[in-house]
Amino acid sequence: MADDQFSLFDAAAGAIAAPSSTDFDAIPTSKSIPIPPGTYDSLDTLATHCRSCQRCELAPSRTNVVVSRGSTTAPIFIIGEGPGQQEDEQGKPFVGKSGQLLEKILASVRLDTEKDVYIANIVKCRPPGNRVPTADEMAACKGYLLEQIRLVDPKIILLTGATAVKGITGEKTGITKIRGQWREWEGRLCMPIFHPAYLLRNPSRDKGSPKWLMWQDIQTVRTKLDELLAAD
Ligand code: URA
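Attention in this report is confined to the structure presented alongside it. A quick note: this is a predicted structure, and the numbers were derived from the prediction, not measured.

**Quick look at the packing of helix α5 (residues 135–152) against helix α6 (residues 161–169)**
1) Next: Running from amino to carboxyl end, α5 crosses α6 at an angle of 80 degrees, the nearest separation of the two axes being 10 Å. Between α5 and α6, the angle falls in the class roughly perpendicular. The residues of α6 that touch α5, namely those facing M138, K142, L145, L146 and I149, are T163, G167 and I168.

**Quick notes on the packing of aromatic side chains**
1) Next: One pass over the structure, following the stated rule, counts three aromatic pairs.
2) Next: Ring centres of Y40 and Y144 lie 6.5 Å apart, and the angle between their planes is 35 degrees; on these two criteria the pair is classed as tilted. Of the two residues, Y40 sits in the loop between α1 (3–7) and α2 (43–51) while Y144 sits in helix α5, which places them 104 residues apart along the sequence.
3) Next: Note on Y144: relative accessible area 1%, which makes it buried.
4) Next: Taken together, a centroid distance of 4.9 Å and an interplanar angle of 35 degrees make the contact between F194 and Y198 tilted.
5) Next: Accessibility expressed as a relative area gives 28% for Y198, which makes it partly exposed.
6) Next: Against the face of Y144 rests R55, its NZ or CZ located 5.9 Å from the ring centre.

**Thoughts on the sheet that holds strand β3 (residues 117–121)**
1) Next: Ordered by their spatial adjacency, six strands build an open sheet running β1-β3-β2-β4-β6-β5, and the pairing between neighbours is mixed. The open sheet terminates on both sides in strands that have one partner only, identified here as β1 (69–70) and β5 (183–185).
2) Next: With five bridges connecting them, strand β4 (residues 156–160) and strand β6 (residues 188–193) associate as parallel partners. Considered in β6, the bridge of T160 is made with I193.
3) Next: Across the face of the sheet, α5 comes into contact with β2 (76–80), β3, β4, β5 and β6 while running at roughly 165 degrees to β2.

**Here's the deal with helix α9 (residues 210–231)**
1) Next: With 22 residues, α9 should reach 32 Å at 1.5 Å per residue; the first-to-last C-alpha distance of 31 Å fits that figure.
2) Next: By the burial criterion, the buried members of α9 are P210, L213, M214, D217, I218, V221, R222 and L225.
3) Next: At its buried positions, α9 is contacted by β2, α4 (97–107), β4, β6 and α8 (196–201).

**Comments concerning the site of the ligand**
1) Next: All residues in the neighbourhood of the ligand are listed as G80, E81, G82, E87, P93, F94, N121 and H195.
2) Next: F94 is positioned with one of its backbone polar atoms (N or O) 2.9 Å from an oxygen atom of the ligand.
3) Next: Contact with the protein chains covers 91% of the free accessible surface of the ligand, which is 240 Å².
4) Next: When the residues that make up the shell around the ligand are grouped by side-chain class, the tally is two nonpolar, four polar and two charged.

So, how was this worked out
- Residues numbered from 1 in each chain as written.
- Predicted model: local features only at pLDDT ≥ 70, side-chain atom pairs only at ≥ 80, totals over all residues.
- Heavy atoms only, no water.
- Axes fitted to C-alpha atoms, helices over the stretch in contact; angles between N-to-C directions.
- Helix = DSSP H or I, 4+ residues; strand = E, 2+ residues; numbered from the N terminus.
- Parallel < 35°, antiparallel > 145°, perpendicular 65-115°, else oblique.
- Contact = heavy atoms within 4.5 Å.
- Phe/Tyr/Trp six-rings, centres within 6.5 Å; stacked < 30°, edge-to-face > 60°.
- Buried < 20%, exposed > 50% of the residue type's maximum accessible area, 1.4 Å probe, protein only.
- Lys NZ or Arg CZ within 6 Å of the ring centre and 35° of its normal.
- Pairing = 2+ DSSP bridges.
- Expected span 1.5 Å × (residues − 1).
- Near = heavy atom within 4 Å.
- Polar contact = N/O pair within 3.5 Å; in protein donor to acceptor, adjacent residues only side chain to side chain.
- Areas by Shrake-Rupley, 256 points an atom, 1.4 Å probe, with all protein chains shown as cover.
- Nonpolar A, V, L, I, M, F, W, Y, C, P; charged D, E, K, R; others polar.

Geometric values such as these leave the question of function open.
In structure tokens form, the structure reads like this:
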């Protein structure tokens, strides 16, 4: 048999090499192309790809792709739903009113957004009118988020609100029932918590109120993080 028949299967010759993570045409632009684990070797390359992404219907109306903020080596990974107007304008997650409240919640247990947390969303582009992202939009974006989780490799993942829970674990139980409960997902420790926007709509601080429950949950998270860091 001629040598060139064999060389067709010779990865070293480049014939069957997987698309490289710097091949901009191969990966992000169609939702029919999966983003398998290991696609990215750095968060910077991932962010560059995301900024040219056309995988779903949210792309044409966005101002900025909202990839992340915080520390790329953070022990806590926080997942929101999707960018709002301010996030779309600034290109960073949780910079509006919800973000300000999130910062306060974290600071109340001495968590610093620059050092201790990495923040991203289920979808990286703003759904028009802040509607909930569709299943298709979430699916198109999920590979990026899973790669972010793999590369940051956090000790704890916090899922803010029902969309984040559904987008990651697929669980559809109402957030009120499951908030504050530890979950194991893909070998990682996760906790569903209320979305800060929900707390803004429920200002009571009385015992049993959403804000009070969030205070319990974030203290539980702090205690667990201290335990995990001490065991390292
Ligand atoms: N709400 C979210 O879920 N994410 C953001 O980035 C901002 C508001």
